[in-house]
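One-letter residues, chain by chain:
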Amino acid sequence: MESAIRLRGLHKSFGDTIAVADLDLDIEPGEFFSMLGPSGSGKTTVLRIIAGFEQPTRGTVSLFGTDVTSLPPFTRPVNTVFQDYALFPHLSVIANVEYGLRVAGVGRKERRAQAEEALGAVRLAGLEDRRPHELSGGQRQRVALARAIVLRPQALLLDEPLGALDLKLREQMQVELKELQRSLGITFVFVTHDQDEALTLSDRVAVFDAGEVVQLGTPREVYDHPRNRFIASFVGSSTLLEPDVAAALGLARTPMAVRPERVTLAESGPGVPGTIAEVIYTGPEHRIVVDLDGLDARITALEPNIGAHHRRERGDRVMVTIEPAAAAPLEPEAA
Amino acid sequence: MQLGRVARIVLATITVVVLALIYLPLGVVFLNSISTSESLSWPPPGFTLEWWGRALESTGALEALGTSVVVALIASTIALVLGTLAAMALSRYRFFGKETVNLLIVLPIALPGIVTGIALNNAFRTLMGVDLAMWTLVVAHATFCIVTVYNNAFARLNASGTRLEEASMDLGAGLFTTFRLVTFPYLKSSLMAGGLLAFALSFDEIIVTTFTAGSGVTTLPLWILQNMFRPSQAPVVAVIAVILAVLSVIPLAIAQRLTAKDAEAVAR
């Protein structure tokens, strides 16, 4: 099958700064694909190159088998949902959604019908005649979505679309985005710096750092087997174990990352002894920091909050164990 | 912010004095326009509407008014087209010498009128070898009218960034469609404000005008200067001045309302 989006040797520099470094990437049709990374890692530049707003310094962009590298944005079969929505302030909601159809020369009646349908799909029927400034952030977000999907693009590009929303609304929109993507059956390319969002929504995640994809895989692969220190600490939280500590815990003598929920604490039994240095109550869980005896190392464990009688206290002695399968060996750092 | 009593009184006094300094003379002009004295002597010996009748029948004044309006209209239209294009180029594209071009466009508003006047007069007559006429005057006015349009449009374009235009192109609109449907509507109010300002600048310009208007081309300011000290014309000039003062409030009010509306829209 042909890739929806194929990037080959994609390179972009702004003056002396390299934004994207010789990137090869294939995004499949119908896939929910996330580009995750801290700000300045190049993910937004890649999205803008796919949309056609930026020209790569070198390399090619193909959409469904057609090389579009030198085509302007208005001839590409993709549409974008912008970070700040970029709704046209002088046009009503319905006119915003109709915009692409109007430019394409679709008749007044036909485009009104299609725009109504798109507004329905994002559950925004009834607000047709409002102006963007009369809408809430969440509603603007939906208009931006409707405006993009009404053109039935082969791929939808989303640039941190939920960044400006508050937490509750964000979680709700995540669910709706996922449902929308499933019902439309088109490729979504989703840029975010929020690892939670990327893990929740995606079929596959590309983790960006300094203009490169440092890991590419399903959310499970990326979370359970982070390849290096950067990913282990950027995607979720991890304790990084030095080779000596890993060996003491019965693991291979190599740098390892372990997720706090995979660390087991017990009052007695096998394992490495330690003293609890900190207990942090987060509601659903306790985050427990343990100083390991004689190792000059700390490890964080996560225990579910299952009642007051199970509480651990600072200063308690515990035995720490980690299943070999629960720890991810890290690649040595590139110097 | 709270001010002390003394500070309030001092500030209020200064405000009143300054405003009085500006507006009392205007009141005097109005009184002169209905004074029976032909030589603007003070205090007015009596009142009459004779000058108002004469002013409205004065073909010289009316023709001069017409000339001024036509010149200001054409000059600000040229300024609107060229100023908008320049603002688009300088806010949306990167090119060599951009900062220099920006400076060169804005400079005419800062240049003393007398310099612009002499320079253009020379250029027209000796370099280009043409006779001064109405069109030389229009071109001269356009040089500084462009600046107000350019400044307004440039500020607006820079404030908005390219996001709306990118959205438009993303939705399939080419460069011209994007300008027509997105950029222009967005710029419209700042172009109106810039255009009105350009109109006002051109309308009462006299220094550059003196050097670039052909013989027989008399704008209203030129006419006023010529008639100011003629016997029995002074009160007619006062009438014209009053009419102009009233008329000049209109574009100012429109421009202010437009700017306020925009500030509101931006704030939201």
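Residue positions within a chain follow its written sequence, with the count starting from 1. Whichever chain is written first is A, and whichever ligand is written first is 1; the rest continue in order. The predicted nature of this model means local features are confined to residues of pLDDT at least 70 and side-chain atom pairs, given and counted, to a pLDDT of 80 or more, with totals for whole chains, interfaces and linings taken over all residues.

Numbering of helices and strands starts at the N terminus; helices are DSSP runs of H or I of at least 4 residues and strands are runs of E of at least 2. In terms of helices and strands, chain B carries 11 helices and zero strands. Mapped in sequence order, the helices and strands of chain B form the string α-α-α-α-α-α-α-α-α-α-α. Over its C-alpha atoms, taken along the principal directions, chain B stretches across nearly 75 × 65 × 30 Å. Here a residue counts as buried when 20 or more other C-beta atoms sit within 10 Å of its C-beta, as exposed when there are 12 or fewer, and as partly exposed otherwise, the C-beta atoms being derived from the backbone. For chain B, the residues scored as buried account for 34% of the 268 residues in total.

Attention now moves to the pairing of strand S4 (residues 58-63) of chain A. Residues and elements named next belong to chain A. Whether two strands pair comes down to DSSP finding at least two bridges between them. Relative to S4, strand S1 (residues 5-14) runs antiparallel, the two sharing five bridges. Paired with Ile5 across the strands is Leu63, a residue of S4. Alignment of S4 against strand S5 (residues 66-67), held across two bridges, turns out to be antiparallel. Bridge pairing links Ser62 to Asp67 in S5. In this antiparallel pair of consecutive strands, S4 and S5, the connection spans two residues, and Phe64 shows a positive phi of 50 degrees.

All names here are of chain B. Every residue is assigned a pLDDT by the predictor, reflecting its confidence on a scale from 0 to 100. Looking at chain B as a whole, the pLDDT averages 87, with 96% of positions reaching at least 70. Mean pLDDT values for the elements of chain B range from 76 in helix H11 (residues 234-267) up to 94 in helix H7 (residues 163-170). The complex prediction reports pTM at 0.80, with the ipTM value standing at 0.85.

Residues and elements named next belong to chain A. Per the domain assignment, the segments of chain A are domain 1 (5-233) and domain 2 (237-329). An automatic or database domain assignment provides the domain bounds reported here. Of note, the centres of domain 1 and domain 2, computed from C-alpha atoms alone, are 39 Å apart. Two residues qualify as being in contact provided that their C-beta atoms, derived from the backbone, are within 7 Å of each other. At the junction of the two partners, domain 1 supplies six residues and domain 2 supplies four residues. It is helix H8 (residues 229-234) that provides the largest number of residues to the side of domain 1 that touches domain 2, a total of three residues.

Residues and elements named next belong to chain A. Reading across the sheet, the five strands line up as S13-S17-S14-S15-S16 and stay open at both edges, with antiparallel pairing between neighbours. Of all strands in the sheet, those bounded by a partner on one side alone are strand S13 (263-266) and strand S16 (297-304). Ignoring which end each strand starts from, the neighbouring axes of this sheet average 45 degrees apart. Two strands pair when backbone bridges link them, and strand S14 (residues 272-281) and strand S15 (residues 285-292) are joined in this way by seven bridges, in the antiparallel orientation. The residue of S15 that forms the bridge with Tyr281 is His286. To get an axis, a line is fitted to the C-alpha atoms, and for a helix only the part in contact is used. The angle between two axes follows their N-to-C directions and goes from 0 to 180 degrees.

Strand order in the open sheet made by the four strands is S2-S1-S4-S5 (chain A), with antiparallel pairing throughout. The open sheet is flanked by strand S2 (17-27) and S5 of chain A, the only strands paired with a single partner.

Time to look at the packing of helix H3 (residues 59-92) of chain B against helix H6 (residues 134-160) of chain B. Residues and elements named next belong to chain B. Taken N-terminus to C-terminus, the directions of H3 and H6 make an angle of 40 degrees; their axes are 6 Å apart at the nearest point. When the interaxial angle is binned, H3 and H6 end up oblique. With respect to the hand of their crossing, H3 and H6 are arranged in right-handed fashion. A breakdown of the residues in the contact of H3 with H6 according to their chemical character gives 22 nonpolar, six polar and no charged. By the definition adopted for this analysis, an angle is roughly parallel if under 35 degrees, roughly antiparallel if over 145, roughly perpendicular if from 65 to 115, and oblique otherwise. What makes a crossing left-handed is the near helix being turned counterclockwise from the far one by less than a right angle; a clockwise turn instead makes it right-handed. Classes in brief: Ala, Val, Leu, Ile, Met, Phe, Trp, Tyr, Cys and Pro nonpolar; Asp, Glu, Lys and Arg charged; the others, Gly included, polar.

Glancing now at helix H2 (residues 93-103) of chain A. An α-helical segment advances 3.6 residues per turn. Residues three or four places apart therefore align on the same side. Residues and elements named next belong to chain A. Among the 11 residues of H2, nine are classified as buried, and the element is accordingly described as predominantly covered. Among the residues of H2, Val93, Ile94, Asn96, Val97, Glu98, Tyr99, Gly100, Leu101 and Arg102 are the ones counted as buried. In this fold, the buried residues of H2 make contact with helix H3 (108-121) and helix H4 (137-149). Looking one or two residues beyond H2, the residue adopting positive phi is Gly105, at roughly 85 degrees.

Further remarks concern the interface of chain B and chain A. Counting from both sides, the interface comprises 16 residues of chain B and, opposite them, 20 residues of chain A. Secondary structure elements with two or more residues in the side of chain B that touches chain A: H7 and helix H8 (175-203) of chain B. Looking at the side of chain B that touches chain A element by element, the count peaks at six residues for H7(B). In the side of chain B that touches chain A, the residues fall into nine nonpolar, three polar and four charged.

Residue and element names in this part refer to chain A. On the secondary structure map, Gly315 appears in the loop between S16 and strand S17 (317-322). Assessed through the 9 C-beta atoms surrounding it within 10 Å, Gly315 is described here as exposed. For the pair formed by Gly315 and Thr264, sequence separation is 51 residues and the distance between their alpha carbons is 17 Å. The residues contacting Gly315, other than those within four sequence positions of it, are Thr275 and Ile276.

Turning to the nonpolar core, a few remarks are in order. Across soluble globular proteins, nonpolar side chains show a tendency to be buried alongside one another. Residues Ile50(A), Val97(A), Ala146(A), Leu156(A), Leu157(A), Val189(A) and Val207(A) are the most contacted members of the largest nonpolar core, which totals 97 residues. Considering every element that reaches this core, the biggest residue donor is H4(A), with six residues. A domain split of this core shows at least three residues from each of domain 1 (5-233) and domain 2 (237-329) of chain A. Beyond its immediate chain neighbours, meaning those up to four positions away, Leu157(A) contacts Leu47(A), Ile50(A), Ala51(A), Val78(A), Thr80(A) and Val189(A). One nonpolar core equals one set of buried Ala, Val, Leu, Ile, Met, Phe, Trp, Tyr and Cys residues connected by C-beta atoms within 7 Å. Core analysis: the second largest hydrophobic core is formed by 36 residues, Ala72(B), Ala86(B), Tyr150(B) and Phe154(B) among them.

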